[in-house]
Structure formats: structure tokens, C-alpha cells
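Read off the chains here:
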Amino acid sequence: MLPQTTKITVAHGDGIGPEIMETTLRILREAGARLDVETIEIGESVYKRGFSSGIEPESWASLRRTKVFLKAPITTPQGGGFKSLNVTIRKTLGLYANVRPCVSYHPVIATKHPVMDVVIVRENEEDLYAGIEHRETDQVMQCLKLITRPGCEKIVRYAFEYARRNNRKKVTCFTKDNIMKLTDGLFHKVFDEIKVEYPEIANEHWIVDIGAARLAHTPEVFDVMVMPNLYGDILSDVAAQITGSIGLAGSANIGEHVAMFEAIHGSAPMIAGQNVANPSGLLLGAVSMLVHIGQSDIAALVHNAFLRTLEEGIHTADVFTEGVSVSKVGTKEFGQAVIERLGQRPQTLKAVEYKSASEPIQGTWKPRPPAEKKMVGVDVFFDWRQGTPEELGTQLLQAEEDGFRLNMITNRGVKVWPGGMSETFCTDHWRSRFMHSEGPVVTHQQIIALLTRIEALGLDFIKTEHLCTFDGEPGFSLGQGQ
Ligand code: NAD
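Residues numbered from 1 in each chain as written. Predicted model: local features only at pLDDT ≥ 70, side-chain atom pairs only at ≥ 80, totals over all residues. Heavy atoms only, no water.

Enquirer: What is the right way to read the domain arrangement of the protein chain from this model?
Expert: When the parts of a complex come together, some accessible area is lost, and that lost area is often used as the size of the interface. Parsing the protein chain into structural domains produces domain 1 (1–96 + 245–353), domain 2 (117–242) and domain 3 (373–474). In this structure, domain 1 and domain 2 have C-alpha centres spaced 25 Å apart. A buried area of about 1100 Å², summed over both sides, lies between domain 1 and domain 2, and 51% of it is on carbon and sulfur atoms. When the buried surface of domain 1 facing domain 2 is broken down by residue, Lys 91, Tyr 96 and Ile 246 rank first, second and third, together holding 55% of it. On inspection of domain 1 and its partner domain 2, the count reaches zero salt bridges. Secondary structure elements with two or more residues in the side of domain 1 that touches domain 2: helix H4 (85–92) and strand S11 (250–254). The biggest single contributor to the side of domain 1 that touches domain 2 is H4, with three residues. Looking at the side of domain 1 that touches domain 2, its residues break down into seven nonpolar, three polar and three charged. (Domains from an automatic or database assignment. Buried area = accessible area lost by both parts, 1.4 Å probe. Salt bridge = Lys/Arg side-chain N within 4 Å of Asp/Glu carboxyl O. Helix = DSSP H or I, 4+ residues; strand = E, 2+ residues; numbered from the N terminus. Nonpolar A, V, L, I, M, F, W, Y, C, P; charged D, E, K, R; others polar.)

The structure is reproduced here in C-alpha cells:
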């Protein structure tokens, strides 16, 4: 029986995209990858034809049909009205896991970190990337940070499954849960729940600031790492850069139905069309794709030929170092050198092995019965610049009725009433907290009545957040001074 051919969608992108894609596809063809390619157009020209996300409706059909996307970088046009294609694709197709291996190639590529083999598993759909931003008042902008239990379970379980499948020894979690106790707190809590299902894999948690410093200084202590979207976005670039060059790293975006593979760098327009770009990042993205679609044999063939090429000192300009490299080559010549080494294994660098697996790794989550929710109060936010916290407090006390008691007023999260300090800087964005004296009995009708009383005082309320307990636990930060 002939080995199965896999349909994939390919986009050549902008800038250096077409050159590095052509070289990558040539290597895959010569290595015997069993691929049936559908080509779509994305990026600058599509944006300019009026598609605000840089992709046309027919192209979505191709992605949903093949479910595998090998994507070259694109140029996002400057100016308003254009949405990030990457963020749109990740969120629309549910690509929840961004997997970025960052490996140093000491001694063949110059790096300050000779021992480094880190895989960053970044949550890819949530966090501050929900894109829900508001100008709340004249002075204040707001961005919502959304962290969900299914999102945390999927990414944390993916990281542990990845570690198990790839024989990795440790999974490290980074959060900032000492400050963001509910959002990052949930991520850490889920990590603690899931880690016990993998007793053979070591685990640890770091606060992201000191963890990031450690990653930049001593990357050899890390193995697989899992973290929320923003920290993962920043730290995977740091990790890739300190291996020697950002041009060397590939990335996989994994979803339940569709997966997308790419280089982590952009379209580098300054060097486009000159045959100088390093195709390695996209090539390694393509290697992850081959593993994902079950062509581990071809993935290992290509990856080992790539390592052999690097180790013989055949380097593109971005990683060429006098005294370490042997010959400086262009994009096409680098590709040709890899093709000539197909079937060879590296001598100095560690050769790769990929286990053949029938199914790609997936991070699953378990639906659970919802917690019992009870409303205990409401935060009401104001656009107000007419006076002092004391004056706002005096006005709001008039809205107390029906069991609601004014509990506090904060400005940028700092309690300024009752008993604030005159040194605290106040903007035009205020939060008041009304709690019900009888506890969890608040109704929507009572909140509407409270807002009606506030409206009658002539105050500009701009939003509310309902305060609820979930199985008796407060579902809101208690705020300073509580
Ligand atoms: P960039 O990654 O394109 O370039 C940063 C620097 O790295 C430049 O000096 C560039 O010459 C160099 N570089 C990048 N890739 C290289 C390679 N393969 N070989 C050799 N040198 C390489 O980042 P940028 O300049 O900030 O962005 C350029 C464009 O790319 C922007 O329009 C940006 O929006 C877009 N971008 C796209 C993606 C994507 O499609 N996934 C990712 C990041 C940026």
C-alpha cells in the first residue's frame, strides 16, 4: 500500500516569505514528504484589496478542508483598520497552543548559552489578546485580561502531554499570581491540579519576573515551560534570540481541528528578494508539521540534514561568525546544502529522533458542574473629576438604600474612601463598591434601582461589575484595606 499523502495549505507571504517558503518546500519534496499542496494568498496584497484581516473567504475554506497550514511571514500594513492575521487565524480556528522550541547549536552557532534546549508552550487565545479594550474616561484606557478554566486546562495538559511524548523531564509554569490572584491564580491552580496526573515529570512554578530573569541568565535549568499568552509571547522571543538568532526558531500553533506552522520571525522587508534570508525557522516549523501529520520519518531526515549543514559551518549571513562558520551562503544555497545532506546525521550536535504517533498531541479539558453563584454586591465605576474622594463619598452615601451600603471608593485600585491619604494621585476613573448588608441576596432589579438613584444624583456611571461568590468563595478581588 502506498504511504498516505496529506493535504496541506501553503501561503508564501510577504517580504522574505516567498524565498524561504520556496526553499523549504524544495527540501520537503527532495526528502520525500508525502504532501498535496493547496496554495492560498494572504498578507499585504489581500489587506490592500480591502480584507481587514489579510485573508479572503475562500482561503478559510482551504484551511478548514486541509486542517494543516504552513505559513510564511507576512507584512502587516501600517495604520488603523488592519487586524493581525495571526491573531485572527489563531482565535478563529481555536489554535490554543503555541509551541516554540528554542535550542542552542553550540559550538557551531555563536551563543552565550551553550546548553539550552527549552520548549515554550504559550497559551495562544486568551489573556490580554482578547482585544477587548475601551477608553473609559478622558484619562483612562482599559484592556480586559480574560483567563478561562477550559483555556488553562487545555494548555497545561498540552504541555505535560508534550513532555511525556518527547521524553522531557520537567514542566515549569510562569505566572504573576502574587498580583493577579484570580486570573493568573487560576492558571497556577490548574497547573497544580494537572501536574499530579504526570508523576514521572518534575514540575515547578516561578513568578514570571524572576523566572524571566533566570531564563535569560541560566536557560539550561529549564525544559518544557508553560505560561499565559503575553508572558509566552515575550519570553519565547527572548529565548529564541539567546540561542543565537531569531531566524533559527520555528513555531507550531495547535488546535483541536486545525494546526498552523511557521517561523517565529517576521517578513524582514529590508532583506527581501536578496537571497540572504535564513530559511531555518520556517524549515523547523515544517519539521513540526511533519511530526504533527505522522510523517516522523521525513521530519527526522530533514532535521538531521539541517543539523549536519549547520555543523559543517554552512551558514546564512545572520548567523555567520568569522572563526566559527566556514562558508557564507544564500537562502537557496543553504537549501541545496540541506538537500545534499539528506540521509546524514550530525556528528557534534545531538541527532533528533521523532516517535511515530498515530494521533497529534492534544490538550483536553473536563467539563464540570458549575459552581453555585450568588450575588453579594456591585462595583459601580464613574467618570468624575469634580472634586475629592470625600466629596464623591458624600454624594454616593445618598444612594444607600434597600440594604446596599457603600463599602469603599478606589482610584486605579487604591482605596481613597473611607480614610484615604492625601498623597494618593487620583485620575478621573473611580470605582465605588456597594455591598448588601444581608449578604448574598442581591437581584438585578436592586442593581437597576441603585443605578437609578445614582443617575438622579447626576453622576456619570460608566460600567458595573457584579460581585458574586462561587460556592461561597468571593469571585472578585477584595481590594486594598479590606
Ligand atoms: P522581523 O522578524 O521581520 O525582522 C527583525 C530583524 O530580524 C530584522 O533585522 C530582519 O532582517 C531580521 N530577520 C528576521 N528574519 C530573518 C531571517 N529569516 N533571516 C535573516 N534575518 C532575519 O521583524 P519586524 O522587522 O519587526 O517586522 C517586519 C514585518 O513582519 C512587519 O510587518 C511585522 O508586522 C511582520 N511580522 C509578521 C509575523 C508573522 O507573519 N508571523 C511575525 C512578526 C512580524
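Having put the structure on the table, let's press on.
Enquirer: Would you take a moment to explain the site of the ligand for this structure?
Expert: Residues in close proximity to the ligand total 17 residues, the closest being Ile 74, Gly 266, Ser 267, Ala 268 and Asn 278. Contact between the ligand and Glu 262: a nitrogen atom at 3.4 Å from a side-chain N or O atom of the residue. Within the backbone of Asn 278, one N or O atom sits 2.9 Å away from a nitrogen atom of the ligand. Contact with the protein chains covers 62% of the free accessible surface of the ligand, which is 810 Å². (Near = heavy atom within 4 Å. Polar contact = N/O pair within 3.5 Å; in protein donor to acceptor, adjacent residues only side chain to side chain. Areas by Shrake-Rupley, 256 points an atom, 1.4 Å probe, with all protein chains shown as cover.)

Enquirer: Could you clarify how one ought to interpret the layout of surface pockets in this entry?
Expert: In this approach a probe as big as a water molecule rolls over the atoms, and the regions it shows empty are the leftover space. Here the largest pocket is characterised by a volume of approximately 2200 Å³. Around the largest pocket, the lining is made up of 46 residues, and of these Leu 182, Thr 183, Gly 475, Phe 476 and Ser 477 lie nearest the centre. Listed by contribution, the elements that provide at least two residues to the lining of the largest pocket are strand S7 (141–143), helix H6 (183–195), strand S15 (373–383), strand S16 (404–411), strand S18 (429–436), strand S19 (461–470) and strand S20 (473–474). If you tally residues by element for the lining of the largest pocket, the top one is S19, at six residues. Split by residue class, the lining of the largest pocket holds 21 nonpolar, 11 polar and 14 charged. Each of domain 2 (117–242) and domain 3 (373–474) contributes no fewer than three residues to the lining of the largest pocket. (1 Å grid on protein atoms, 1.4 Å probe; cavity = no way out; pocket = protein on both sides within 12 Å on 5 of 7 lines; lining within 4 Å. Points joined across faces, edges and corners; volume = space filled by probe spheres on them.)

Enquirer: Help me out: how do you make sense of the sheet that holds strand S10 (residues 224–227) in this one?
Expert: If you walk across this open sheet you meet the 10 strands as S2-S1-S3-S12-S11-S4-S5-S10-S8-S9, and the pairing is mixed. Looking along the sheet, the strands with just one partner apiece sit at the ends: strand S2 (35–40) and strand S9 (202–207). Across the sheet, the mean angle from the axis of one strand to that of its neighbour is 20°, orientation sign disregarded. As defined by bridge partners, strand S3 (residues 68–71) adjoins strand S12 (residues 259–263) across three bridges and the pair is classed as parallel. From the neighbouring strand, Leu 70 faces S12, where its bridge partner is Phe 261. Along the sheet face, H6 touches strand S5 (117–123), strand S8 (170–175), S9 and S10 and points at about 165° away from the line of S8. (Pairing = 2+ DSSP bridges. Axes fitted to C-alpha atoms, helices over the stretch in contact; angles between N-to-C directions. Contact = heavy atoms within 4.5 Å.)

Enquirer: Help me understand the sheet that holds S16, please; the structure alone is not making it clear to me.
Expert: Hydrogen bonds between backbone atoms are what pair the strands of a sheet, whose relative direction is either parallel or antiparallel. Judged by pairing direction, the sheet is antiparallel, and its six strands sit side by side in the order S17-S16-S18-S15-S19-S20 without closing on themselves. Each end of this open sheet is capped by a strand with a single partner; those strands are strand S17 (414–417) and S20. Pairing analysis gives seven bridges linking S15 to S18, with the strands arranged antiparallel. Bridge pairing links Asp 383 to His 429 in S18. Relative to S16, helix H12 (residues 389–397) is tilted by about 160°, and along the sheet it contacts S15, S16, S17 and S18. The strands that helix H13 (residues 444–456) touches are S15, S16, S18 and S19; relative to S15, the one it contacts most, it runs at about 20°.

Enquirer: Can you help me understand the pattern of salt bridges in this one?
Expert: Any two side chains of opposite charge can pair, so long as their charged atoms come close to each other. Under the definition given, this model contains 35 salt bridges. Here Glu 465 ties to Lys 463 by a salt bridge, and the two come within 3.9 Å at their closest N and O atoms. On the basis of relative accessibility, which here comes to 38%, the residue Glu 465 falls in the partly exposed class. Within the structure, one salt-bridge network assembled from shared partners comprises Arg 135, Asp 138, Arg 385 and Asp 428. (Buried < 20%, exposed > 50% of the residue type's maximum accessible area, 1.4 Å probe, protein only.)

Enquirer: Where do I start with a nonpolar patch on the surface in this structure?
Expert: On the surface, a cluster of nonpolar side chains totalling about 290 Å² of accessible area is made up of Met 270, Ile 271 and Val 276. Take Met 270: it is sitting in the loop between S12 and helix H9 (280–292). Judged by relative accessible area, which is 76%, Met 270 ranks as exposed. (Patch = residues over 30% accessible without salt bridge, like charges linked within 9 Å, V, L, I, M, F, W, Y side chains within 5 Å.)

Enquirer: Can you help me understand the environment of Glu 391 in this one?
Expert: The residue Glu 391 is located in helix H12 in this model. Separated by 306 residues in the primary sequence, Glu 391 and Leu 85 place their C-alpha atoms 48 Å from one another.

Enquirer: Explain the nonpolar core here, please?
Expert: One broad rule of soluble globular proteins: the nonpolar side chains tend to lie buried together. By size, the foremost hydrophobic cluster in this structure holds 73 residues, and its most contacted members are Leu 28, Leu 70, Tyr 105, Tyr 158, Val 171 and Val 226. Tallying contributions element by element places helix H5 (residues 149–165) first for this core, with eight residues. Each of two domains, domain 1 (1–96 + 245–353) and domain 2 (117–242), supplies a minimum of three residues to this core. Setting aside residues no more than four positions away along its own chain, Leu 28 makes contact with Ala 33, Leu 35, Leu 70, Ala 286, Met 289, Leu 290 and Val 302. Counting 22 residues, the second-largest nonpolar core is a separate cluster that includes Ala 399, Leu 406, Leu 450 and Cys 468. (Core = buried A, V, L, I, M, F, W, Y, C linked by side-chain atoms within 4.5 Å.)

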